[in-house]
Every structure is written in C-alpha cells, then in structure tokens.
Amino acid sequence: MATKQMLFSSIGDQLPSNTDKITVVGVGDVGMATAFSVLAQGISSDVALIDVNQQKMEGEMKDLQHGCMFLNAKISAGPDYSVTANSKICIITAGLRQREGESRLNLVQRNTEVLKTIVPNLVKYSPETVLIVVSNPVDILTWVAWKLSGLPKSKVIGSGCNLDTSRFRYFIGERLGVSPESVDAYIIGEHGDSSVAVWSSATVGGVRLRDINPTVGTDSDCENWKELHKMVVDAAYDVIKLKGFTNWAIGLSAASIARSILRNSDKIHPISTYVKGICGIDHEVFLSLPATLGRDGVSQVTNLALSDDEQCRLKISAANMAEIMAGVEF
Ligand code: NAD
C-alpha cells in the first residue's frame, strides 16, 4: 500500500513472531473469562480463539480487538486451526454440558468425541505445545486429551483442583480474618464430589491448624471446619444456581496456570496430572496433586505426607476415576 510505504522506512527483517502465544478453544463463558484474564493480566500478548460457533467466535474476537489500545495484544480467530499455529499453550474449554438425566459416563463419551475434533488439530499446528484442559469432567478429559495428543504426560495438564484450592483458601481466610494468600492448604484428588481436603498439613501464617486443633476437618471437630470442604464441593452448584454458570474464578485459575508455565516459574499448583505411582495411587489416572509448573509443563509432583483418612479418600477417588475411564471408547 502506497501510504504505508510512504509512512515507514524499513530498517531490516521482520521481528520473529511472539513466543508467548496462547490458544483458547471454546469461546463460551469459561473460554472468554480465560482469554480475558490472560490478556488483562498481560500473561500473553498473542491470543488465538477457536470455536465451532463461527459467529460467536468472530464477535468475541472483534470485541477484544476493539480494546487493543488498552491491551497491547494481538487477538486472532478463524475457522481453521492454522490460526493456532506455534502456540506455547492451548487451553481447552470447549465442551458439552450434561443433559437432564444424562449419566456422567455418557457425558464423558460425548466430550471425548468433541476432543477428538480438537486435540489432533492443536498438536498438528503446535507440536511443542502444553495443553491445559478445563472442560468437565476435567480429570477424565485430561487423560483423554493425553491419549489423543501423543504428547508427553508432563505436557498435558488439567486445571483440576487449582480452583477448588483457591475456594478453600478463601473460605479458611474468611473465617480467620486473613488474606487467602496467607493460607497454605490444598484440595487434591478429583475436581468434584470426591475431592480431598488436606487438613493434616494446612497452615496459616506458619502455624499448622492441626497443632492447635487436633480434630480440625474431622467429624469430631466441634468447630465444624469440615463444613468448609463441603462449601468448596458445593461452590460451583451454588454459583450455577445463582447465575447459570461459573466463569470468572475458573478463568483466573486457568490463566494462573498458563502464567506459571510461560514464566517458567516452578510455582506449585494443585493441578490434574498423571499420578500413577505417587501417593500410593496404582491406577493410570490424572488427579490433582501439588505440582511444579514450568515451560515444559509439570516437572515435579509433591510427595504429600497424607493422614490415613486422606490417603484412603484419595485412593477411592482414583478408583472411581479408573472405573469411568475403563468405559471410554476412542
Ligand atoms: P459454554 O457452553 O458457554 O461454551 C462451550 C463452547 O464450546 C461453546 O462456545 C461451543 O460452541 C464450543 N464448542 C463445542 N464443541 C466444540 C468443538 N468441537 N470445537 C470447538 N468449540 C466447541 O460452556 P462454558 O460454561 O464455557 O463451559 C465450558 C466447559 O468448562 C464445560 O465443560 C464446563 O463444565 C467446564 N468448566 C470447568 C470448570 C473447572 O473447574 N474445570 C469450571 C467451570 C466450567
């Protein structure tokens, strides 16, 4: 274009393309909260969107592009997976919701079919990518994505209990009048009903809660701290009842995982990862344990010293997962 040529003098080759590209698959409530968290926090300056709903995808892309003066980022979207090429991270939020009366296994099978159309395409255009799965049931779909991707285990991560742990720390902090950031406590296992609250090692400001209340989190605790775990498990149902879906907290959670990977931070997140052989689990399952995240995904998983009760619950959670996974057809 003549105007462009008159406006600029070229001083060399084009700069290499960005190295912090993130693709978000699914531009629904969760996908857009994730994309917005990533952009607004400056985690990536290059975000690609993909969805089967072309009209919604184009609308979301344009809406974000119109905010370019405030984001300083490139936003792209297209009908073809080539738009995702060279993504460092691909976050999968696409999925179908449970139908009334539908079994969990049936939903897993339907969402497996959805992942079959997504995962091979992502890996084709970004063979070095790290996959973050958010779609539910997240632990099983992370295993499905790993199987479909051909990527190393370390590079396929489920958002898992990263969100549940944030909710747990929020509820503990609220009860004690301290910031959730000063609470060190984890939810592990399945993202869902069979998750495990690790009360045995929960600390606040360096003080182990169990040292000052030996029954904390148990049935015999007269202060009923156990209730906080139930609040974590019920949190999504509660929000869905009020507004129809959850999106902001899970968007922030997925973005925080992406940041730790892109920054090569070695930060510990309770995310869903391959746990066979760890913490006494002998099934080939993906469940949440605190793990170190860096540029290549998961580098280390913490050997948590669990109480007998926590260990038993974690094993039951793993066995439940394995049973459902055995019914998945590829
Ligand atoms: P939504 O219905 O608003 O959005 C889903 C999007 O996926 C839609 O835009 C749809 O067009 C798209 N999609 C469907 N099939 C596709 C395909 N084959 N390729 C590309 N895009 C496709 O749903 P939502 O509220 O955004 O939730 C998305 C998923 O996230 C659900 O599975 C939900 O259960 C899950 N979720 C997980 C957590 C968590 O903590 N892991 C929290 C909240 C929601």
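Each value, and the rule that gives it
- Residues numbered from 1 in each chain as written.
- Predicted model: local features only at pLDDT ≥ 70, side-chain atom pairs only at ≥ 80, totals over all residues.
- Heavy atoms only, no water.
- Near = heavy atom within 4 Å.
- Polar contact = N/O pair within 3.5 Å; in protein donor to acceptor, adjacent residues only side chain to side chain.
- Areas by Shrake-Rupley, 256 points an atom, 1.4 Å probe, with all protein chains shown as cover.
- Helix = DSSP H or I, 4+ residues; strand = E, 2+ residues; numbered from the N terminus.
- Nonpolar A, V, L, I, M, F, W, Y, C, P; charged D, E, K, R; others polar.
- Disulfide = S-S within 2.5 Å.
- Axes fitted to C-alpha atoms, helices over the stretch in contact; angles between N-to-C directions.
- Parallel < 35°, antiparallel > 145°, perpendicular 65-115°, else oblique.
- Left-handed = near helix turned anticlockwise from the far one by under 90°.
- Contact = heavy atoms within 4.5 Å.
- 1 Å grid on protein atoms, 1.4 Å probe; cavity = no way out; pocket = protein on both sides within 12 Å on 5 of 7 lines; lining within 4 Å.
- Points joined across faces, edges and corners; volume = space filled by probe spheres on them.
- Buried < 20%, exposed > 50% of the residue type's maximum accessible area, 1.4 Å probe, protein only.
- Expected span 1.5 Å × (residues − 1).

Caption draft 1: View of the site of the ligand. Around the ligand, 23 residues are found, and the nearest of them are V30, D51, T93, R97 and V134. Contact distances for the ligand include 3.1 Å between an oxygen atom and a backbone N or O atom of D29. D51 has a polar side-chain atom sitting 2.6 Å from an oxygen atom of the ligand. Contact with the protein chains hides 84% of the accessible area of the ligand, taken as 860 Å² for the molecule alone. Elements with a minimum of two residues in the shell around the ligand: helix 2 (29-40) and helix 5 (104-125). The biggest single contributor to the shell around the ligand is helix 5, with 3 residues. Across the shell around the ligand, the residue classes tally to 10 nonpolar, 10 polar and 3 charged.

Caption draft 2: Spotlight on the state of the cysteines. Using the criterion set out here, one finds 0 disulfides in the structure. Free cysteine C312: the closest other cysteine sulfur is in C279, separated by 14 Å.

Caption draft 3: Spotlight on the packing of helix 6 (residues 138-149) against helix 11 (residues 308-326). Close contact between helix 6 and helix 11 brings their axes to 10 Å; oriented N to C, the two are set at 50°. Here helix 6 is positioned oblique relative to helix 11, judged by the angle of their axes. Seen from above, helix 6 lies across helix 11 with right-handed handedness. Residue-level contacts link D139, I140 and W143 of helix 6 to M321, I324 and M325 of helix 11. Partitioned by chemical class, the residues of the contact of helix 6 with helix 11 number 5 nonpolar, no polar and 1 charged.

Caption draft 4: Quick look at the layout of surface pockets. Of the pockets and cavities examined, the second largest pocket occupies roughly 850 Å³. For the second largest pocket, the lining is made up of 34 residues, of which N162, L163, T165, S166 and R167 are closest to its centre. Where the lining of the second largest pocket is concerned, the elements lending two or more residues are helix 7 (162-176), strand 7 (183-184), helix 9 (226-243), helix 10 (248-262) and strand 12 (267-274). Classifying every residue of the lining of the second largest pocket by side-chain character gives 15 nonpolar, 10 polar and 9 charged.

Caption draft 5: Up close: the environment of L122. Relative to the assigned elements, L122 resides in helix 5. You can call L122 buried: its relative accessible area is 0%. Through-space distance from the C-alpha of L122 to that of D80 is 11 Å; in sequence the pair is 42 residues apart. When residues no more than four places from it in sequence are discounted, the contact partners of L122 are T23, V25, Y81, T84, C90, I92 and L131.

Caption draft 6: Representation of helix 6 within the structure. Helix length check: helix 6 (12 residues) gives 16 Å between terminal C-alpha atoms against 16 Å at 1.5 Å per residue, within 8%. Of all 12 residues in helix 6, 10 are buried, a share of seventy percent or more. Among all positions of helix 6, only V138, D139, I140, L141, T142, W143, V144, A145, W146 and S149 are buried. Immediately downstream of helix 6, the backbone of G150 shows phi near 75°, a positive value.

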